[in-house]
Amino acid sequence: MDKNIQDMPKVVLHLHLDGSLRPESVQRWLQKQGITKSLEEVTQNLRVDKDCKDLNQYLQKFDLPAQVLQEPENIEEATYELFEDLSKQNVVYAEVRFAPTKHMENGLSCNEVVAAAIRGMERAKVKYGIDGSLILCCIRGEQLETNLQAISSAKRFLNKGVSAVDLAGAEALFPTKDYKHIFEIAKKEGIPYTIHAGEADGPESIKSALEFEAKRIGHGVRSIEDKDLMDILRIMEIPLEVCPISNIQTQAVKGKHPLEELYRRGLFITINTDNNTVSDTNILEEYEWVLANTSLTCDDLLQMNKNAARFIFAPAVKRAEITAKIEAFKNREDKELNK
């Protein structure tokens, strides 16, 4: 492990709670439900298959997390554990996203689900000094009324643990263009939003997200297919939440990953993990992948963290605080080199 990678202050913008559960915790929650599974079996059910064909197959790994995250104590614990894990990787700020409406099968309201996740996050902040917020996902293929519950909860907890909303799910089956109404409401309510686009679907999906005035794009790697679109993203300063390992697993990227070319073209690239458990990754491994598979350097990774800090869904004072931590690290590194 490169010491620079370990010590570097990191900002994670694109990370799903339900895709990042500890297998040991899932096993314990299943036991509470009277279901006995070996840790190996649980882990296998949570992690993507090596021969994954596409995003739709990848998303099947979220069935088990949905099953166990129906109790408030489990939701709280899962959120706490994820922020704890991130703190050990020197993540100083993380925006963790999930779809609260997926956790209402046992009678919890959407607000109760979100409140449980906020409790877990706040406990971790106190104990580990990590900072962050939650992003609430609307889901492609769900009824409008269901997704509007997530919007309502985002409004209820905005700046009280929740910072934004998102659109996630089977992008190729349910085109981004069909969800305009959701983001019209979010905009009217003053809720910021990012949108998964340009992962399983092509440049048109990203163009729809821009039409809806998304401030960030989840993945966005297929912008590489449209030079004019890349120029638009650069000029508009719309950051891409790139998740390299996940992009390869879902077949969003076939062949060489476009990360480096997008970065060299001046787009605002950030590096993320998408799903720590499903993709069997973490932010340290993502950085190592970048260094091993591109000509990018630790200085480039620092710049990507500065990009991420600039575009977190937080007040300017918080963005400046996180940026200062990254700058302080760079200054220390520069002094070491000049000794």
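Refer to the structure above for everything that follows.
So, a few notes on the structure that sits alongside this text. (Residues numbered from 1 in each chain as written. Predicted model: local features only at pLDDT ≥ 70, side-chain atom pairs only at ≥ 80, totals over all residues. Heavy atoms only, no water.)

**Examining the pattern of salt bridges**
On inspection of all chains with the given rule, the structure shows 33 salt bridges. In this structure, Arg22 and Glu81 form a salt bridge, with 3.7 Å as the shortest nitrogen-oxygen distance. Residue Arg22 is found in the loop between β1 (10-16) and α2 (23-32), and its partner Glu81 is found in helix α6 (residues 72-88); the two are separated by 59 residues along the sequence. Judged by its relative accessible area of 8%, Glu81 is buried. (Salt bridge = Lys/Arg side-chain N within 4 Å of Asp/Glu carboxyl O. Helix = DSSP H or I, 4+ residues; strand = E, 2+ residues; numbered from the N terminus. Buried < 20%, exposed > 50% of the residue type's maximum accessible area, 1.4 Å probe, protein only.)

**Some points on the sheet that holds β1**
Pairing within the open sheet is parallel, and its four strands lie in the order β1-β2-β3-β4. Looking at strand neighbours, the two that pair on one side only are β1 and β4 (162-168), the edges of this open sheet. Strand-to-strand twist across the sheet, computed as the mean angle between neighbouring axes with direction ignored, equals 25 degrees. Where strand β2 (residues 91-98) and strand β3 (residues 131-139) come together, six bridges link them in parallel fashion. Across the sheet, the residue bridging to Glu95 is Ser133, located in β3. (Pairing = 2+ DSSP bridges. Axes fitted to C-alpha atoms, helices over the stretch in contact; angles between N-to-C directions.)

**Re unusual backbone geometry**
Trans peptide bonds make up the majority, and among non-glycine residues the majority have a negative phi. Unusually for a residue other than glycine, Glu237 sits at a positive phi of about 55 degrees. With respect to the helices, strands and loops of the structure, Glu237 is situated in the loop between α11 (227-236) and β7 (240-242). Despite not being glycine, Gln251 has its phi angle at roughly 70 degrees, a positive value. With respect to the element layout, Gln251 can be found in the loop between α12 (244-249) and α13 (259-264).

**Some remarks on the packing of aromatic side chains**
Overall, the coordinates contain five aromatic pairs when judged by the stated rule. A centroid spacing of 6.4 Å and a plane angle of 50 degrees characterise the contact between Tyr58 and Phe62, whose relative ring orientation is tilted. For Tyr58, a relative accessible area of 1% puts it in the buried group. Exposure remark for Phe62: the relative accessible area of 13% places this residue in the buried category. (Phe/Tyr/Trp six-rings, centres within 6.5 Å; stacked < 30°, edge-to-face > 60°.)

**Comments concerning the pairing of strand β6 (residues 216-219)**
Pairing geometry for strand β5 (residues 194-197) and β6, over four bridges, is parallel. Note that in β6 the partner of Ile195 across the bridge is Ile217. You can see the chain leave β5, run along helix α10 (residues 203-211) and come back into β6, and the turn it takes is right-handed. Pairing analysis gives two bridges linking β6 to β7, with the strands arranged parallel. Along β7, the bridge assignment pairs Ile217 with Leu240. Handedness of the β-α-β unit built from β6, α11 and β7 comes out right-handed. (Right-handed = clockwise from strand over helix to strand, strands pointing away.)

**So, the environment of Lys53**
Position of Lys53 among the secondary structure elements: in the loop between α3 (39-46) and α4 (55-58). Assessed through its relative accessible area of 59%, Lys53 is described here as exposed. Counting along the chain gives 19 residues from Lys53 to Pro72, while the straight-line C-alpha distance between them is 34 Å. Apart from residues lying up to four places away in sequence, Lys53 is in contact with Thr250 and Gln251. (Contact = heavy atoms within 4.5 Å.)

**Considerations on helix α8 (residues 144-157)**
Across its 14 residues, α8 extends 20 Å between first and last C-alpha, which sits within 8% of the 20 Å expected from 1.5 Å per residue. Buried within α8 we find Thr146, Asn147, Ala150, Ile151, Ser153, Ala154 and Phe157. Down the axis of α8, the sector holding all buried residues measures 160 degrees, keeping them to one side. Just downstream of α8 lies Asn159, where phi reads positive at about 65 degrees. (Expected span 1.5 Å × (residues − 1). Arc of directions from axis to C-beta.)

**Regarding the nonpolar core**
When a protein is soluble and globular, its nonpolar side chains tend to lie buried together. One finds Val11, Ile217 and Ile269 to be the most contacted residues of the largest nonpolar core, which totals 95 residues. Here the element with the most residues in this core is helix α7 (residues 110-128); it accounts for seven residues. Those residues in contact with Ile269, other than ones at most four positions away along the chain, are Leu240, Val242, Leu259, Leu262, Tyr263, Met304 and Asn307. Grouped together as the second largest cluster of nonpolar side chains are six residues, Leu55, Tyr58, Phe62 and Val278 included. (Core = buried A, V, L, I, M, F, W, Y, C linked by side-chain atoms within 4.5 Å.)

**Re the layout of surface pockets**
One simple way to see leftover space: roll a probe sized like a water molecule over the atoms. Considering only enclosed or pocket space, the largest pocket measures out at about 480 Å³ in volume. Together, 27 residues line the largest pocket, and Leu59, Phe62, Lys102, Ile139 and Gly169 are the ones closest to its centre. Going through the elements one at a time, α4, α5 (63-68), β2 and β3 are the ones with two or more residues in the lining of the largest pocket. Sorting elements by how many residues they give to the lining of the largest pocket places α4 first, with three residues. (1 Å grid on protein atoms, 1.4 Å probe; cavity = no way out; pocket = protein on both sides within 12 Å on 5 of 7 lines; lining within 4 Å. Points joined across faces, edges and corners; volume = space filled by probe spheres on them.)

**A look at the environment of Phe212**
One can find Phe212 in the loop between α10 and β6. As a C-alpha pair, Phe212 and Pro65 span 147 residues in sequence and 30 Å in three-dimensional space. Sequence-distant contacts of Phe212, defined by excluding residues within four places in its chain, comprise Thr176, Lys177, Tyr179, Lys180, Phe183, Tyr193 and Ile195.

**Remarks on the pairing of β3**
Most of β3 sits inside the fold, with nine of its nine residues counted as buried. Each parallel crossover has a hand, and for β2 linked through α7 to β3 it is right-handed. Across six bridges, the pairing between β3 and β4 is parallel. Counted as the bridge partner of Leu134 is Val162 from β4. Of the crossover connections in this fold, the one passing from β3 over α8 to the parallel β4 is right-handed.

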